[in-house]
Amino acid sequence: MASSTQNHQQHFPTSSGTTSAPPPTPSTTKHNFTSTSDSAATDLLSRLLHRLPPTLSNTPLLLRRRSSIATTTTTSPPVVPFSELNSSLSTTLPSVSELGFFQLTSHSIPSELARSAESDSLSLFNLPRHLKHQHFPRSWPLGFDDDDDDDDEEDNGTGDSLFLDSSCSTDSSELSLSSLREFTREMEKIGFAVVEALLCAMGLQNPAGEDPDSLCSMMWVSNRSGSPDDKLVGSGVFYPYVVGLHYQFRSQSCSLLADPGWVTVSSSMDSILVTLGDIAQVWSNGKLKKVSGKPALSMEEGNNSSPFTSMSLLVTLPLESTVSPLYPRVVISNHDNKNQHEDEDSESNEVNKFNSFSFEDYAWRVYHERVPLKDPLDRYRI
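Residues numbered from 1 in each chain as written. Predicted model: local features only at pLDDT ≥ 70, side-chain atom pairs only at ≥ 80, totals over all residues. Heavy atoms only, no water.

An unreviewed UniProt entry lists the protein chain under the name Non-haem dioxygenase N-terminal domain-containing protein, with Lactuca virosa given as the organism.

Given below as structure tokens:
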């Protein structure tokens, strides 16, 4: 995919239906609170690596994946039934906060709908490249991400990703995406409920409580054509989010890039693997561990000759948003509880561990730095 600013012409629609101006590229972004030579050198090296051909620029990340995954042990994530979402998240919050992920079961999405949506998605990846971009014009971050620098008409076999808005909009009137749209709507409902339950369990105010447009969602579909050399099905693409919902079409292990490093988890078929993102970590003022990107799904347990599709719903923010730690939730009580007010004052006076920052600027940087050399949030830490 081209990384030049010339390709950055259109943008993810804001909550008001308009598009915002492109943020400055990482090379011109200035921050008053970070200007050290070490940060500048790291940014320069990251940009130089991004200019390499995709097969070369992704090599360090790929090698780190395989070497790290080989040494990790498979763990089972905490299980949270959707029917008991609020109470269960409150109980499992300590382990969820430390891990950055959990498994959601007993949700309302029928297995038949999920597989119909998967079929819709596969049909899109089977389109010729020119039709992909005709039906889904690139409008960052939406559209196909399939290494635009490659001028070949045929796909190179490494697969690609498709980012869709919550309506799965397309410029084509011929494509039938009814199952994919319904699946996306259902995943979005669950995602918003998870955000509310998570913030409630942490005692934090939900920004969507007063302004429903302060949250939005994206459907992220990735495809990999199977081959004996394809051991992992993932993506070098990153996009910031609050929570990510990754539907599990099969029972098999996957690897997550969590705060401590790569961790391998196993989840049951038709469950939803929920990961906490970088925005959730900032909102919690660092109390929540995060997972970057989407799961890298292992194909060693299955048939490597079969195409593999992963579908993730990202609950994220409109581009014009500002990201900062959230305030504690206000509890209204009929009792005069002096200790309660003291506790609230103590939490309100908690020192922020992150500076406020522009979501659009951050999203642009994270998305285009395909070989991150350090945690992108480090530049905003106090």
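Inside soluble globular proteins, nonpolar side chains tend to come together where they are buried. Formed by 85 residues in total, the largest nonpolar core has its most connected members in Phe183, Tyr239 and Val243. The greatest single-element share of this core, amounting to 10 residues, is contributed by helix H7 (residues 178–202). (Core = buried A, V, L, I, M, F, W, Y, C linked by side-chain atoms within 4.5 Å. Buried < 20%, exposed > 50% of the residue type's maximum accessible area, 1.4 Å probe, protein only. Helix = DSSP H or I, 4+ residues; strand = E, 2+ residues; numbered from the N terminus.)

A complete count under the given rule lists 14 aromatic pairs for this structure. Taking 5.6 Å as the distance between ring centres and 75 degrees as the angle between the ring planes, the aromatic pair formed by Phe183 and Tyr247 counts as edge-to-face. Of the two residues, Phe183 sits in helix H7 while Tyr247 sits in strand S8 (residues 243–247), which places them 64 residues apart along the sequence. Following the ring pairs from residue to residue traces out a cluster consisting of Trp140, Phe163, Trp220, Tyr239, Phe359, Trp364 and Tyr367. (Phe/Tyr/Trp six-rings, centres within 6.5 Å; stacked < 30°, edge-to-face > 60°.)

Once that is clear, we can look at helix H4 (residues 85–99). If you check H4, its first and last C-alpha atoms are just 18 Å apart, much less than what 15 residues at 1.5 Å a residue would give, namely 21 Å. At Leu93, H4 shows its largest bend, some 65 degrees, and a proline, Pro94, comes one to four positions later. Among the residues of H4, those classed as buried are Leu85, Ser88, Leu89, Thr92, Leu93, Val96 and Ser97. Packed against the buried residues of H4 are strand S2 (79–81), strand S3 (101–105), H7 and strand S11 (272–276). (Expected span 1.5 Å × (residues − 1). Bend = angle between axes of the 7 residues up to and from the residue. Contact = heavy atoms within 4.5 Å.)

On to a negative patch on the surface. Residues Glu210, Asp211, Asp213 and Glu320 make up a contiguous surface patch of negative charge. Turning to its location among the elements, Glu320 is positioned in the loop between strand S13 (308–316) and strand S14 (322–323). (Patch = residues over 30% accessible without salt bridge, like charges linked within 9 Å, V, L, I, M, F, W, Y side chains within 5 Å. Areas by Shrake-Rupley, 256 points an atom, 1.4 Å probe, with all protein chains shown as cover. Salt bridge = Lys/Arg side-chain N within 4 Å of Asp/Glu carboxyl O. Lys, Arg positive; Asp, Glu negative; His and termini not counted. Charge placed at Lys NZ, Arg CZ, Asp CG, Glu CD.)

A few words on the pattern of salt bridges. On inspection of all chains with the given rule, the structure shows 12 salt bridges. The residue Glu186 makes a salt bridge to Lys189 at a minimum N-O spacing of 3.4 Å. Of this pair, Glu186 and Lys189 both sit in helix H7, separated by three residues, roughly a single helical turn. Judged by its relative accessible area of 53%, Lys189 is exposed. When salt bridges that share partners are traced, they join Asp259, Lys290, Asp375, Asp378 and Arg381 into one network.

Packing of H4 against H7 brings their axes to within 9 Å, and their N-to-C directions diverge by 50 degrees. With respect to each other, H4 and H7 are oriented oblique. As for how H4 packs across H7, the hand of that crossing is right-handed. Seen from H4, the contacting residues are Leu85, Asn86, Leu89, Ser90 and Leu93; seen from H7, they are Ala193, Val194, Ala197, Leu198, Ala201 and Met202. Split by residue class, the contact of H4 with H7 holds nine nonpolar, two polar and no charged. (Axes fitted to C-alpha atoms, helices over the stretch in contact; angles between N-to-C directions. Parallel < 35°, antiparallel > 145°, perpendicular 65-115°, else oblique. Left-handed = near helix turned anticlockwise from the far one by under 90°. Nonpolar A, V, L, I, M, F, W, Y, C, P; charged D, E, K, R; others polar.)

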